[in-house]
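# Summary of structural features
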Amino acid sequence: MPGASISTLFVDLRASTKGLRKDAAKAVKIGRRVGNQFAKSFALAGTAAATALAWTLVVVNKRIDEIAKTSDKLGVPIEQLRVLRDLADKNGVSFSTLNKALGDGSRRISEAAQGTGEAVGALEELNLSAERLSQLSPDEQFKQISERLKGVSGQADKARIAYDIFGRSGQEVLNILRQGGGVFTATEEKLDRLGVTLSRVDAAKVELAGDALDDLKLISEGVTNTLAVQMAPILQGISELLL
């Protein structure tokens, strides 16, 4: 009968629709779960990225602060000290050793300008005027000595001259010195291209940021100390009740 056929079709259609609704509901739930997982993953990734960035900034700030303070101490422009540090890193020389060589060299050159000290003979061998050299900043002294030392033929003579001018540190910075003055210009140009070069103004901003972070640490320490003092009697009371 047509009526029976239509009725049967309607029942079948409702059954099929009911199944589709259940499947759709399941799909929605699954979609929500997947969406939540994606949201959590993105949140975790964002947190990890922020933490990594913060840690990187702390390390970089510390490095810049160290260079800035050394620049002020030695009287070497921060831009040139950054060049020397890059050369030191590439030649396996620590920053502290480089700083000592610059400081000792400047002192010995000053003594040689007065006609005393071990650097007198070494500077004469390089045909450099101790008086003129003593008027230059330590980085310029280092460059000029490097350029002249490049022309010394024997390795033993280079080592001896470096020792007489820079002391024990001279032996460790010899790999930089023997390359000649051209390597300083090339390194400076490379750092400029890479955007690594810093001015003293840039470094001052980083130093201020570092001081601000130190102040935040002190504030955090103060809050923690206050909380510990206020919580002490409460914790003691809880302990007595449990015992």
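The model shown is predicted, which means the values in this text are computed figures rather than measured ones.

Positive phi outside glycine occurs at Asn-127, with the angle close to 60 degrees. In this fold, Asn-127 is placed in the loop between α4 (119-125) and α5 (130-134).

Moving on, we come to a nonpolar patch on the surface. Taken together, the side chains of Leu-227, Met-231, Ile-234, Leu-235, Ile-238 and Leu-242 present a nonpolar region at the surface, about 590 Å² in accessible area. Its place among the elements puts Ile-238 in helix α11 (residues 200-242). For Ile-238, a relative accessible area of 44% gives the class partly exposed.

Between helix α3 (residues 95-113) and helix α7 (residues 155-166), whose axes approach to 7 Å, the crossing angle comes to 80 degrees. If you check the angle between α3 and α7, you find them roughly perpendicular. Judged by residue contacts, Ala-101, Asp-104, Gly-105, Arg-108 and Ile-109 of α3 engage Tyr-163, Asp-164, Ile-165 and Phe-166 from α7.

Applying the stated criterion across every chain, the model contains nine salt bridges. Taking the shortest distance from any N to any O, the salt bridge between Glu-125 and Arg-160 comes out at 2.7 Å. With a gap of 35 residues between them, Glu-125 in helix α4 and Arg-160 in helix α7 connect regions that are remote in the sequence. Judged by its relative accessible area of 46%, Glu-125 falls in the partly exposed class. Its relative accessible area of 35% is what places Arg-160 among the partly exposed residues.

Let us look at the packing of aromatic side chains. Going through the model one piece at a time under the given rule, you end up with two aromatic pairs. Relative to Phe-184, the ring of Phe-142 lies with its centre 6.0 Å away and its plane at 90 degrees, an arrangement referred to as edge-to-face. Here the residue Phe-142 occupies a position in helix α6 (residues 138-149), and Phe-184 occupies one in helix α10 (residues 182-194), the gap between them amounting to 42 residues. Judged by relative accessible area, Phe-142 falls into the buried class, the value being 0%. Of the residues examined, Phe-184 reaches a relative accessible area of 2% and is grouped as buried. Three or more aromatic residues joined by ring pairs make a cluster, and in this case those are Phe-142, Phe-166 and Phe-184. Against the face of Phe-95 rests Arg-85, its NZ or CZ located 4.2 Å from the ring centre.

Criteria and thresholds
Residues numbered from 1 in each chain as written. Predicted model: local features only at pLDDT ≥ 70, side-chain atom pairs only at ≥ 80, totals over all residues. Heavy atoms only, no water. Helix = DSSP H or I, 4+ residues; strand = E, 2+ residues; numbered from the N terminus. Patch = residues over 30% accessible without salt bridge, like charges linked within 9 Å, V, L, I, M, F, W, Y side chains within 5 Å. Areas by Shrake-Rupley, 256 points an atom, 1.4 Å probe, with all protein chains shown as cover. Salt bridge = Lys/Arg side-chain N within 4 Å of Asp/Glu carboxyl O. Buried < 20%, exposed > 50% of the residue type's maximum accessible area, 1.4 Å probe, protein only. Axes fitted to C-alpha atoms, helices over the stretch in contact; angles between N-to-C directions. Parallel < 35°, antiparallel > 145°, perpendicular 65-115°, else oblique. Contact = heavy atoms within 4.5 Å. Phe/Tyr/Trp six-rings, centres within 6.5 Å; stacked < 30°, edge-to-face > 60°. Lys NZ or Arg CZ within 6 Å of the ring centre and 35° of its normal.

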